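A structural walkthrough
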Amino acid sequence: MTAAAPAQGPARALLLAAFVAMLFIGTGLFQSWTLALLIVNMALVSSIMALGVNIQWGYAGLFSVGTMGFVALGGLSVVLVSSAPAPGGWAAGGPGILLGLMMGAATIAAAVMAAAKLPKGRIRTLGVAAILIVGFLIFRGIFDPAVQAVEANNPAAHGNLGGLGLPVLLAWPVGGLLAAAAAWAIGKTALGLRSDYLAIATLGIAEIILAVLKNEDWLARGVKNVISLPRPVPYEVDLQRSQAFLNWASSWGFDPITASSIVVRLMYTGLFAIVLLALIWLSQAALHSPWGRMMRAIRDNEVSAEAMGKDVTRRHLQVFILGSAVIGIAGAMMTTLDGQLTPGSYSPLRFTFLIWVMVIVGGSGNNWGSVLGGFLIWWLWVMVEPIGNWAMTVITTGMADGWLKGHLINSAAHMRLLTMGIILLLVLRFAPKGLLPER
Amino acid sequence: MDILNALVAFLNFVFIPGLAYGAQLALGALGATLIYSILRFSNFAHGDTMAIGTVFVILLTWGLQSVGVSFGPLPTALLALPFGIVLTAILLLATDRAVYRYYRRVKAAPVILVMASLGVMFILNGITRFIIGTSDISFTDGERFILTAGDFRAATGLAEGLAIRTTQGVTVVVALIAVGLLFWFLQKTRTGKSMRAFSDNEDLALLSGINPDRVVTVTWIVAAALATTAGTLYGLDKGFSPFTYFQLLLPIFAAAIVGGLGSPIGAIAGGFVIAFSEVMVTYAWKKVVTYLLPDSLAPEGLVQLMSTDYKFAVSFVILIIVLLVMPTGLFKGKSI
Amino acid sequence: MAEPFLIGDAMTGGYGGADILHGCTIAVEPGEIAVIVGPNGAGKSTAMKAVFGMLKLRGGAVRLKGEDITTLTPQARVAKGMAFVPQTSNIFTSMTVEENLEMGAFLRRDDIRGTMEQVYGLFPILKEKRLQPAGELSGGQRQQVAVGRALMTQPSVLMLDEPTAGVSPIVMDELFDRIIEVARSGISILMVEQNARQALEIADKGYVLVQGANRFTGTGQALLADPDVRKSFLGG
Amino acid sequence: EDIKMGIILGFTGPLESITPNMATGAELAISEVNGSGKFALGNVVPVRADSTCIDAAAATAAADRLVTAEGIKAIMGADCSGVTGAILQNVARTNGVAMISPSATSPALSTAEDDGLFFRTAPSDARQGVVMTEILMDKGIKTVALTYTNNDYGKGLADSFAEAFTAAGGTVTINAPHEDDKADYSAEVASLASAGGEVLVVAGYTDKGGKSIIQASLDSGAFDTFVLPDGMVGQKLVDDIGAGLNGSFGQYPGTDSQGAELFQGLATAAGFDGTSAFAPESYDAAALIMLAMAAAGSTDSKEWSTKVMDLANAPGEPILPGELGKALELIAAGTDIDYVGATAVELIGPGESAGNYREIEIKDGKIETVRFR
Amino acid sequence: MIQVENLHRHFGGFRAVDGASLSIETGSITGLIGPNGAGKTTLFNVVAGRLKPTSGTVRMAGEDITGLPPHELFHKGLLRTFQIAHEFGSMSCVENLMMVPGAQMGETLWNAWFRRGAVRAEEERLREKAHDVLKFLTIDHLADQKASQISGGQKKLLELGRTMMVDARIVFLDEVGAGVNRTLLNTIGDAIVRLNQERGYTFCVIEHDMDFIGRLCNPVICMAEGKVLAQGTVDEVKNDERVIEAYLGTGLKNKVVAHG
Ligand SMILES: Nc1ncnc2c1ncn2[C@@H]1O[C@H](COP(=O)(O)OP(=O)(O)OP(=O)(O)O)[C@@H](O)[C@H]1O
Ligand SMILES: Nc1ncnc2c1ncn2[C@@H]1O[C@H](COP(=O)(O)OP(=O)(O)OP(=O)(O)O)[C@@H](O)[C@H]1O
Ligand SMILES: [Mg+2]
Ligand SMILES: [Mg+2]
């Protein structure tokens, strides 16, 4: 540890937690409390995502950078579970789509079975290829017309099957399950890869998931977006219209607009905090059990762990699925918070690497580190913009008007990433093992 | 039935663009793979290094153009390139001093270096845009084509044209030379071998009297040369815009990894795998098939396996399949 | 007594936590073989690393030919004619056997082919495997590569940390033979060994280290003859 | 008194190459109003914030900061439909701050719950598809290849065009999306060329994938005439591509008012490219906000937002770019005005631009107006 | 206990194991010797499931176990140590040992979450056992030291200690002695004999220290170039011409002169 950070163990954790808390309190005092809460909410979601990545990387050393894909799947679950069914969508081609998908799954299953059953050699290759090709043609034959029919159904407003119209909170566990199912399929194929090779494979799979989300309009309208998703909490405007609320606000001397957004955001905070705390408890209990020890052993030395009777493949699959499920839950929570699903806005930088930064800065392998990293980095991500602007203002005050000053002021927006970079490097420099190292 | 036209259509729309794009990716991948193999981390700042190197070249090119220098049929930027490389090398060496050296000293895990490179990426990102703005810049001059579609049609009398841009030609040639040189440098020269030794076992390299600072310096200089060249050639061919260069990172790493990290030959093979899988699998074969079949059998549809919506998805599927068969890439790459 | 050729004098230090070495002294003269023995974890490897500058000392000094080299980096010591074979990770696994040997001679500017032939003569198996990545070799073969690499330096001091661990008896004998030859050509040899009886037989000087401090010091024969030493450290 | 107006655009991220000119456009309107000395409510101060375009949560936080901490009275933005929707739902409605987006074209936003606080000066895509079809049909072009940028703008425009064109008896040989800012477009060009067509319709942006596709199509001889919808019309594109673009044609919002030319004059004088995508719309958005405030005599969104439709639409005295001072005078005098602005703003239904279009053709490296539709 | 029949393992064109056939009797301590590169470790790796054989079969108590993954073999009672120590570097020594026993209830997440009491009791038992093993190996003062921070010889001891944490049927030891102090090695030898006699473990031991082999092993198998070269009691093998030529050698040539 560097000299700059003498405190160790719990004292250090408390100190850092207090520091991050100060950042949020400062935001509340000097900017606004609604903003502080808004950042807290997203920080909670980010922490959960970071927790998921930490389960994969910190526990098992799986260099999976497919985070974005699972976040997106979580988002998809919100649309599928909670949005209203599209009028006429299902009738237009729903059964065809389902049948087509089942055909596709059956084809893959048949191919896998054939690959296992047939004797090695040319027959097997040809057989599997034949099954795949025929299956693909049948799949397209059933699937394509159905999709066209659905997508032609009032494309400007719908063009998709729509959701089940169930309560949105249900979408959170469903998001986890959806991500877990995808992770199972991915893990079965790709987990044999190591380090950066696994990374690029998972990155690629995340891009594939996104490509499906963007281009399969029948599913969730693709790039046309789904907006106005239902909320688990009341709308601020409804509160502002409710006499009871107005009375309550004025009895406490609050401004009704501010009060309404604070109340709503606090409700989100509560919901998210419950999820986070539950997950943290589970993670901590797992990490500090023989299970966690086994995972650390596997991470340290797979060959040896295998020789000591640990089924490395299965355990890798297990943590991969668990981590992905956690990320999926967080993805669903985020989409709920945004109130919309916009597939075009998922980018690896934001939804994979920023989350990784949180994990590494927080201290990989340490659950509380992930939470701390989530809060700190998210706060920075949002607040570097004003910090950058402010820095630019400081630099340019006292400067004569002219080309340079204009150029500098116009460049203020880029200070955002620059500032982020500098702060990231500083944190990494003074805590190269993360703020809360594993031990 | 018209085999020649079919062939030319295929060459013009699939083969030549794929070849040039593959070479562009390969040049980028070479730099990334070099840093991976010697300094042992995936350098996320590589795309932005290419961008800032290109910015230097663009500024120098403008300077040259304003005093009336030109390079005959070739783009003036090629004259500015060596100076751009020097500036980029200085920048990278400064970055190493300020950032990476510390982590090497404390023997930080590779993932920490990756995260640090992410930080460097953000900073370079800002600096690039600060210097040259965000808009898209085209800085090519000289003769645009080696062969234009029109000339080809006139000369051969075929219905299909064949076009080869100067920049495409230059890129392919430079990429091949760079791969050869890098391979030779790492495998045969004393300095190259000492660099590999350093990357293999740093402590033992010290015990052999290898000077780590020198290894690191040489690595960054070569990386700067590769990144600047890659960025400049790409920019000449397709135009410069900072955001696109950042986005290049993904296919570049895909190429480096599918070829096998640390292997120069792998980088070029990987570049072509990625490029051709993007171009080929989503290609609509309608035109080629129409030429090949009698009129009565001419296809109605596009004869397309998948729509271009899925070109990335497809190239990644191919990448994953390659990796499943060869878990460390086509040319047995490293893995840390 | 005149100052020895190489001496780690009253070295005290460790890996950052508690000290491992407590005023331990090790010295060797030109043409002499000095052997360090002791129980596992006694600090033998640590002492070697300290002499080679891979560990910061809190007390004591390292002197070569009377010159204080305590603060020199390992590379600088290589340039001064010291060579070291560590106990673990002592080869470049991804490089071929031949390249490993070349790296040993990295600082040499003269023709290295002669030395390389000598090494191949000593370890014929390496010549057979010279184009194979060293990481694919068997345990004993790796050990031979490691020693070969150090010999390539043509050092004036050769430091070996358990060079015979895992090598077969026939190779071990060859190795000891060669070490004697090397010593006879005027090179100082400082060696840690667990094959202690064989090693002490050829040693001019022996050190028994326990818990980072010198317990016994004497000629190889004297230590071999000491029943305490035999019983506690040489396996009877 | 300072009145702050938030300018929330994606200064970093995928739209970063066009947002600076959009912001400058909006700020041009603001300085015009301030300079006129006729704006009684105070001095308008622009406050920029980064929507990132891809990070709804960060954009929401930025907007929330402007509203709750900086105290802005109006939002000029946002740009991408995704972040616009998020800001509308989570900040604008909550705090009762109205917003006018210059570029969010998603049809879905038309039906979003907005409490009357959301407007946009960008036209809805449906109308443009029809106009483009008319132009093609008039030229006798029956088969086209079509590529669009894969976002709500491109997709919406492509869909509406394909529908209108097919209905009019034309054939779209291929309808292929492209992602902006990617390394290479060979695959798209290859498929477009293979599918064939008399012209290539490129529903994209001037300095992004759309431009690369045009360039590659020209180079390889795949197409030589291109149809350019609003996002593709810009002098920079014409300059960059050069002679190859001569003969291509297209349309973008405009009437036969002099709005667009005037705006370009103003922009050139201010030192930026007035033809840059969505810069005129941004000017109009900012101008409308301030005129509405003047008309309502209040900076409270709830009040000024009710005036927007009135001001933007006939009847009334037409107002062109550069005439904001005059407009303020008229408003003060109680005269009805019809804000025409740089893009011939007409707001319909749920508060979006009705869309009059200017048909253009590229001749000798210049964008020339052929007629209005 | 173990029958290896005509086993081959090739690397590219190189035949590391080239048709070796041997058997290890139940209850024996079999020594495996041979020159460097003879293919001993490779044979271990194939038998223990780390490498797939190119051809040939491996049987354990009659059951065909060819190609089974290591973790399944572990549960069948086949344990091995590594020639180059494979410790779990970031874990303490005691944890290195505690993780060994298979089928711990606490390794199931459900139990880890919801049956914490029982898991804790199990942990206590394991910890005690681990400490006993460490004490036996004379390294109990290192119990809480990270395994990456112990000396080379100590790592080897830890490696051996892991096999003592469970009831094995057969244990493969790959050069436990290399780098271990000879006095301690004697103690280890005693332990092996005790485990063999009291708990009925079968051992197969690779070692280059002929004293150690001589004290412990019967029979001894000598491999060379991937094949079995000789087999028999220690003395038989020691005196075998071919073994002497390929492996044992005839002692130091320079010895006398060095002290002349
Ligand atoms: N992965 C590999 N690739 C190529 N060759 C290999 C590989 N692993 C081992 N070999 C070769 O196989 C031969 C046998 O190696 P092995 O490790 O089994 O020897 P060993 O008998 O255990 O020797 P030692 O006593 O030195 O440990 C060696 O010559 C080695 O070079
Ligand atoms: N990297 C390290 N960090 C901290 N402590 C260490 C480290 N390496 C070794 N130690 C400790 O230092 C002590 C001496 O280790 P050293 O490697 O010098 O022993 P040794 O005498 O060479 O033993 P062996 O014969 O087993 O190789 C040991 O108790 C060990 O626990
Ligand atoms: Mg040692
Ligand atoms: Mg071996």
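The rules behind these values
- Residues numbered from 1 in each chain as written.
- Chains lettered and ligands numbered in written order.
- Predicted model: local features only at pLDDT ≥ 70, side-chain atom pairs only at ≥ 80, totals over all residues.
- Heavy atoms only, no water.
- UniProt positions renumbered as here; feature names shortened; annotations may be inferred.
- Donors = N, O, S within 2.8 Å, 3.2 Å for Na, K, Ca; no water.
- Helix = DSSP H or I, 4+ residues; strand = E, 2+ residues; numbered from the N terminus.
- Buried < 20%, exposed > 50% of the residue type's maximum accessible area, 1.4 Å probe, protein only.
- Axes fitted to C-alpha atoms, helices over the stretch in contact; angles between N-to-C directions.
- Left-handed = near helix turned anticlockwise from the far one by under 90°.
- Contact = heavy atoms within 4.5 Å.
- Nonpolar A, V, L, I, M, F, W, Y, C, P; charged D, E, K, R; others polar.
- Parallel < 35°, antiparallel > 145°, perpendicular 65-115°, else oblique.
- Salt bridge = Lys/Arg side-chain N within 4 Å of Asp/Glu carboxyl O.
- Phe/Tyr/Trp six-rings, centres within 6.5 Å; stacked < 30°, edge-to-face > 60°.
- Lys NZ or Arg CZ within 6 Å of the ring centre and 35° of its normal.
- Arc of directions from axis to C-beta.
- Domains from an automatic or database assignment.
- Buried area = accessible area lost by both parts, 1.4 Å probe.
- Polar contact = N/O pair within 3.5 Å; in protein donor to acceptor, adjacent residues only side chain to side chain.
- Near = heavy atom within 4 Å.
- Areas by Shrake-Rupley, 256 points an atom, 1.4 Å probe, with all protein chains shown as cover.

With an unreviewed UniProt entry as reference, chain B is termed Branched-chain amino acid ABC transporter permease, source organism Pseudotabrizicola algicola. One UniProt comment on chain B, placed under Subcellular location (unreviewed entry), says "Cell membrane". Among the UniProt annotations of chain B, the heading Sequence similarities (unreviewed entry) holds the following wording: "Belongs to the binding-protein-dependent transport system permease family. LivHM subfamily."

In the nomenclature of an unreviewed UniProt entry, chain A corresponds to Branched-chain amino acid ABC transporter permease from the organism Pseudotabrizicola algicola. UniProt lists a comment for chain A under the heading Subcellular location (unreviewed entry), and it reads "Cell membrane".

Here the focus is the coordination of the magnesium ion (ligand 3). Residue and element names in this part refer to chain C. Every protein donor of the magnesium ion (ligand 3) is listed here as Ser45 (OG) and Gln87 (OE1), and their distances to the metal cover 1.8 to 2.1 Å. Placement of Ser45 in helix α1 (residues 44-52) and of Gln87 in the loop between β6 (82-85) and α3 (97-104) is noted, with a sequence separation of 42 residues between them. By relative accessible area, Ser45 is classed as buried at 15%.

This brings us to the packing of α3(C) against helix α6 (residues 139-152) of chain C. All names here are of chain C. In contact at an axis separation of 7 Å, α3 and α6 are set at 35 degrees when each is read in the N-to-C sense. α6 is crossed by α3, and the crossing has right-handed handedness. Between α3 and α6, the contacting residues are Val97, Asn100, Leu101 and Gly104 on the first element and Val145, Gly148, Arg149 and Met152 on the second. In terms of residue class, the contact of α3 with α6 is made up of 4 nonpolar, 3 polar and 1 charged.

For any two helices packed against each other, one specifies the inter-axial angle together with the distance between the axes. Residues and elements named next belong to chain D. As a packed pair, helix α5 (residues 125-138) and helix α6 (residues 152-167) sit with axes 8 Å apart at the nearest point and diverge in direction by 45 degrees. Taken together, the axes of α5 and α6 are oblique relative to one another. Once α5 is placed against α6, the crossing between them reads as right-handed. Together, Asp125, Ala126, Gln128, Gly129, Val130, Met132, Thr133, Leu136 and Met137 of α5 and Asp152, Tyr153, Gly156, Leu157, Ser160, Phe161, Ala164 and Phe165 of α6 make up the contact between the two elements.

Let us look at the coordination of the magnesium ion (ligand 4). Around the magnesium ion (ligand 4), the protein supplies Thr41(E) (OG1) and Gln83(E) (OE1) as donor atoms, at distances of 1.9 to 2.2 Å. With Thr41(E) in helix α1 (residues 40-47) and Gln83(E) in the loop between β6 (78-80) and α3 (93-98), this pair connects stretches of sequence that are 42 residues apart.

Here we take up the pattern of salt bridges. One pass over the full model with this rule turns up 62 salt bridges over all chains. Between Asp111(C) and Arg113(C) there is a salt bridge, and its shortest N-O distance comes to 3.4 Å. Classification of Arg113(C) by relative accessible area gives exposed; the value is 59%. Of the charged contacts in the structure, one is a salt bridge between Asp181(D) and Lys208(D), with a shortest N-O distance of 3.0 Å.

The subject of this paragraph is the packing of aromatic side chains. For the structure on display, the rule yields 37 aromatic pairs over all chains. What links up through ring pairs into an aromatic cluster is the set Phe136(A), Phe139(A), Phe143(A) and Trp218(A). The lysine or arginine in question, Arg429(A), covers the ring of Tyr102(B), its NZ or CZ lying 3.8 Å from the ring centre. The ring of Phe82(E) carries Arg80(E) above its face, with NZ or CZ at 4.1 Å from the centroid.

This paragraph deals with helix α4 (residues 113-122) of chain C. All names here are of chain C. Residues Thr115, Met116, Val119, Tyr120 and Leu122 constitute the buried set of α4. One side of α4 holds all its buried residues, which, seen down the axis, span an arc of 160 degrees. Opposite the buried face of α4, at more than 90 degrees from it, the exposed residues are Arg113 and Gly121. Here the buried face of α4 lies against α3, α5 (124-128), α6 and α7 (169-184).

So, about the domain arrangement of chain A. How big an interface is tends to be stated in terms of the accessible area lost upon association of its parts. All names here are of chain A. Assigned domains within chain A: domain 1 (29-84 + 162-430) and domain 2 (85-161). Taken over C-alpha atoms, the centre of domain 1 sits 32 Å from the centre of domain 2. Contacts between the two partners involve 13 residues from domain 1 and, on the opposite side, 15 residues from domain 2. Carbon and sulfur atoms make up 53% of the surface buried where domain 1 meets domain 2, a total of about 950 Å² over both sides. Area buried by domain 1 at its contact with domain 2 is led by Gly162, Trp218 and Arg221, which between them contribute 64% of it. The interface formed by domain 1 and domain 2 contains 0 salt bridges.

A polar contact of 2.7 Å, which involves the side chain of Gln87(C), links it to the side chain of Ser45(C). Within the structure, the side chain of Gln87(C) is placed 3.4 Å from the side chain of Glu162(C), a separation counted as a polar contact. Other than its neighbours up to four places away in sequence, Gln87(C) contacts Ser45(C), Asp161(C), Glu162(C), Gly152(E) and Gly153(E).

This brings us to the interface of chain B and chain C. Each partner contributes to the interface: chain B provides 17 residues, whereas chain C provides 23 residues. Interface area for chain B against chain C, summed over the two sides, is near 1,800 Å², with a carbon-plus-sulfur share of 57%. Of all residues in chain B, the largest losses of buried area upon contact with chain C belong to Arg190(B), Leu204(B) and Leu207(B), amounting jointly to 36% of the total for that side. Linking chain B with chain C are 2 salt bridges. Across the salt bridge formed by Glu102(C) and Lys193(B), the nearest N and O atoms sit 2.5 Å from each other. In this assembly, chain B and chain C are joined by 8 residue pairs in polar contact (both at pLDDT 80 or more). Sorting the residues of the side of chain B that touches chain C by element identifies α7 (190-200) and α8 (202-207) of chain B as the ones contributing at least two each. Ranked by residue count, the leading element in the side of chain B that touches chain C is α7(B), at 6 residues. Considering only residue class, the side of chain B that touches chain C consists of 7 nonpolar, 6 polar and 4 charged.

Near ligand 1 there are 22 residues, and of these Ser138(C), Gly140(C), Lys40(E), Thr41(E) and Thr42(E) occur at the shortest range. Looking at what sits near ligand 1, you find residues from chains C and E. Measuring from an oxygen atom of ligand 1, one finds a backbone N or O atom of Gly139(C) at 3.5 Å. When contributions to the shell around ligand 1 are tallied by element, the ones reaching two or more residues are α6 of chain C together with β2 (14-24) and α1 of chain E.

Around ligand 2 there are 20 residues in total, and Lys44(C), Ser45(C), Thr46(C), Ser151(E) and Gly153(E) lie nearest to it. Among the chains of the assembly, those with residues near ligand 2 are chains C and E. Measuring from an oxygen atom of ligand 2, one finds a side-chain N or O atom of Ser45(C) at 2.6 Å. Starting from 630 Å² of accessible surface for ligand 2 in isolation, the protein chains cover 88%. When contributions to the shell around ligand 2 are tallied by element, the ones reaching two or more residues are α1 of chain C together with α6 (152-163) of chain E. Looking at side-chain class alone, the shell around ligand 2 contains 5 nonpolar, 13 polar and 2 charged residues.

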